[in-house]
Amino acid sequence: MTYHYEFTLAAGIVLAMLCIFAFSRTYLATRRNFSFRCLLAADVITMLFDVISSEMDMRHAEFSLGMLYLVNAVFFLGFIWRSFLNFAFVEALVRERCTGLRLPHLLALLPVALTTLIVLASYWTGWIFSLDAGSGAYKSGPLYPLIYGNGYLYLILTAGFIVASLRHTVWTRLELVSLIGSCLLIGLGYIVRMHSSPYLVMNAFYTLEMLLIFFAFQNPDLFFSRRMNLFNADAANVCLRELYQGGPFSLLAIAVNDFEENRTLYGGHQTTKGLRLIADFLRQKFPDCYVAYMDEGRFLVLTGEPLDFRQVCHEINERMKLPWHASHVNIYLNVHYAVYRGRPEPGILPHMLDYTASSLRRAEQTNEVVHMGTECFRRMEYEREVRQAIDRAIRDDSIEIYFQPLWGVGEQRMIGAEVLARMNDPVLGFVPPSVFIRTAEQSGTITQLGEQVYEKVCIFAKHHDIKKLGLRRLNVNLSAIQCRDNLMSERLNAITVRHHLTFDIFKFEVTETALVYPDELQGNMDRLIAKGAVFSLDDFGTGYSNLIRVSRSPFKDVKLDMTLVREYFQKKNRLLPSIIGAFKSYGLHVTAEGVETKEMVEELSRLGCDTLQGYYFAKPMPAAEFLQYLAKKNILTR
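Here's what I pulled together on the structure shown here. Please read all numbers here as calculations on a predicted model, not as lab measurements. (Residues numbered from 1 in each chain as written. Predicted model: local features only at pLDDT ≥ 70, side-chain atom pairs only at ≥ 80, totals over all residues. Heavy atoms only, no water.)

Structural notes on the overall build of the chain
Which entries qualify depends on this criterion: Here a strand is any run of E in DSSP of at least two residues, a helix any run of H or I of at least four, and the numbering for each starts at the N terminus. As defined in this context, the radius of gyration uses C-alpha atoms, and a globule is described by 2.2 Å times the residue total to the power 0.38. Each residue gets one of three labels from its accessible area relative to the maximum for its type: buried under 20%, exposed over 50%, partly exposed in between, using a 1.4 Å probe on protein chains only. Working rule for contacts: check all heavy atoms of both residues, and any pair within 4.5 Å makes them a contact. Using a 1.4 Å probe, the Shrake-Rupley method yields the accessible areas, and only the shown protein chains count as cover for residues. The positive count covers Lys and Arg only, the negative count covers Asp and Glu only, and His and the chain ends enter neither. In this description, the location of a charge corresponds to atom NZ of lysine, CZ of arginine, CG of aspartate or CD of glutamate.
Across its full length, the chain holds 23 helices and 21 strands. A compact globule built from 638 residues would reach a C-alpha radius of gyration of about 26 Å, whereas the chain, at 34 Å, exceeds it by more than 25%. Counting over 638 residues, the chain shows a buried share of 51%. In the chain, once contacts between residues fewer than 6 apart in sequence are set aside, the share between residues at least 24 apart is 71%. If you sum the accessible surface of the chain, you get close to 30200 Å²; carbon and sulfur atoms cover 58% of it. Averaging the positions of the 65 positive and the 64 negative side-chain charges in the chain gives two centres separated by 3 Å.

Describing helix H3 (residues 65-97)
Stated formally: Helix span is expected to be 1.5 Å times the residue number reduced by one.
Between the first and last C-alpha of H3 there are 48 Å, a value that for 33 residues agrees with the 48 Å anticipated at 1.5 Å per step. Burial within H3 is extensive, with 25 of its 33 residues counted as buried.

Considerations on the side chain of Thr30
Formally: We define a polar contact as two N or O atoms separated by no more than 3.5 Å, with the added condition that, inside protein, one atom must be a possible hydrogen donor and the other a possible acceptor, whereas residues neighbouring each other in sequence contribute only through side-chain atom pairs.
Position of Thr30 relative to the elements: it lies in the loop between helix H1 (6-23) and helix H2 (31-58). Note on Thr30: relative accessible area 4%, which makes it buried. At 3.2 Å, the side chain of Thr30 and the side chain of Asn33 are in polar contact. In contact with Thr30, other than residues within four places in its own chain, are Glu96, Val238 and Glu242.

Overview of the nonpolar core
Going by this rule: In plain words, nonpolar cores are sets of buried Ala, Val, Leu, Ile, Met, Phe, Trp, Tyr and Cys residues tied together by side-chain atoms within 4.5 Å.
Among the nonpolar cores identified, the biggest contains 78 residues, and Leu474, Phe506, Phe508, Leu560, Leu604 and Leu612 are the most heavily contacted of them. When residues of this core are assigned to their parent elements, the largest contribution, 8 residues, is made by helix H15 (residues 446-463). Once you skip the residues sitting within four places of it in the chain, Phe508 turns out to touch Tyr454, Val476, Leu478, Leu492, Phe503, Leu528, Ala533, Val534, Phe535 and Ser536. One finds Leu18, Tyr27, Cys98 and Ala108 within the second-largest nonpolar core, a separate group that totals 57 residues.

As for the environment of Gln628
Tracing the backbone shows Gln628 in helix H23 (residues 623-632). As a C-alpha pair, Gln628 and Phe87 span 541 residues in sequence and 70 Å in three-dimensional space.

A look at the pattern of salt bridges
The following threshold applies: Every case where a carboxyl oxygen of Asp or Glu lies within 4 Å of a side-chain nitrogen of Lys or Arg is listed as a salt bridge.
Per the stated rule, a full pass over the model turns up 24 salt bridges. Residues Glu96 and Arg32 are paired through a salt bridge, measuring 2.8 Å at the closest nitrogen-oxygen approach. Taken together, the positions of Glu96 in helix H3 and Arg32 in helix H2 put the pair 64 residues apart, joining distant regions of the chain. Taken as a pair, Glu96 and Arg32 share a single burial class, namely buried. In this structure, Arg59 engages Glu55 in a salt bridge whose closest nitrogen and oxygen atoms are separated by 3.6 Å.

In structure tokens:
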């Protein structure tokens, strides 16, 4: 028989390039990556000995029987183990995503082990192949089809694992197409090889399959942050699942304090260089650990070994006291920490990185090391449930609006109301605004939430003439994230026009945080002001704005945060009169929040506040109750 190597030679070139790229790059030390490298090695051996054995079988007279038996046996062993290793890779990949989905290791090995023994016994039995004692000619044995049976068995197991995983995890379209495509390629390869044995095509099909696997799952760039020369968040997820399989693990999360402010202070380029220096420091300090960069100044150290968190944090803090210095870089950064040692419940693992990010935010707020544990996970699980509740509220259009009246000092009556969002979830019940608004901002749903609130405000204003109610405007809150959206003004205008209203009955309140993005905010403000809206700076005293910045923005009103107001009356802060006086000198109206007593009303009026808001006048109330309140105060014009 004459063999044809055209397909194998082309596949060999591709496989050689794939091996060079795969073995020369940094890889995570995970079971999946080990399986893939073993699969590559098996394919190289199988392809090499497929050619060698075929060539020697055609020229069998030139070689000894022992040598012919050896090269043929190596080829068949590579052929059957390649099938097993292909299954082992997919099984390891699925186990990363579904920790409870696995096949007992010995049971998975049993078919290939038995087939291996039969191949080795062929030297004496001729079950798989035999060589003529006189001429050395090759001949297939009675159990030769077992070679294909082994391949088909592992192909069926592979397909079964993929199908079973669909119930437990979500694959991306590329991943799913690659997994299904790889099974189809191998199945087709077996069929073609069985019917065209002179053409060595099976190696080409396996090489194509590994290219699919590589680009979908094994490309190192999928798991590496080139900016920091560290593993990325996807790699950290894989590491967590791998460490979880082995038992308790240690997690040390490190984040730069005030990351956005530092970027503004030092500039993006210098901050990135500083982060690279921190990355180099962590890589050298934890040579035997997984070190990953999670973006936004956050780093993660993972290991299966215990870590002395107190000592490690102390050593890092000591280094942080010194500047991070390099060419054209001299930057001071401080950090905060979240730590964990243990083995969490299986339901916690998929959300571990999200919980770590939440713990880092809490660490920055409290300026303490957050030790993640059962209580911490319970609180974060509640936050996750709140995110789900927000999604339900957006889907069902179930956010409610409440109104808190605004008292005009000069008019001595209610002149407006702030509209506040409230959420009563069918599963969680009442969710405090401080919780669901913060969660919506962190999860990226605040824009949809804010537009739903504005839609309901417009519906209220459409059915109840604001001027006839004795009110000048309704105050609507805009998130800083909404203000970053260049299309915000267009969407608000579309809602307003849809309800046949004009902007002259609305005042939009934005917090100091929005001032961090002056260009986007200014563009949105200019477009809405041109249509008749006015803007108020909300919660002054809680952020980083100053009088000059506020005076240069087109605000008509500044609302003093209740903390600033209360501290004045608690004798903790005497700056309030000066702040009010400064704003008045710029021609701005001043609103004070948190007014709870008659004494506060009188003093704040004396200091020059134009509008007052607080429980002294009324708590936030639903629309029907708000209308009754206005009627009772004899403001409603009939």
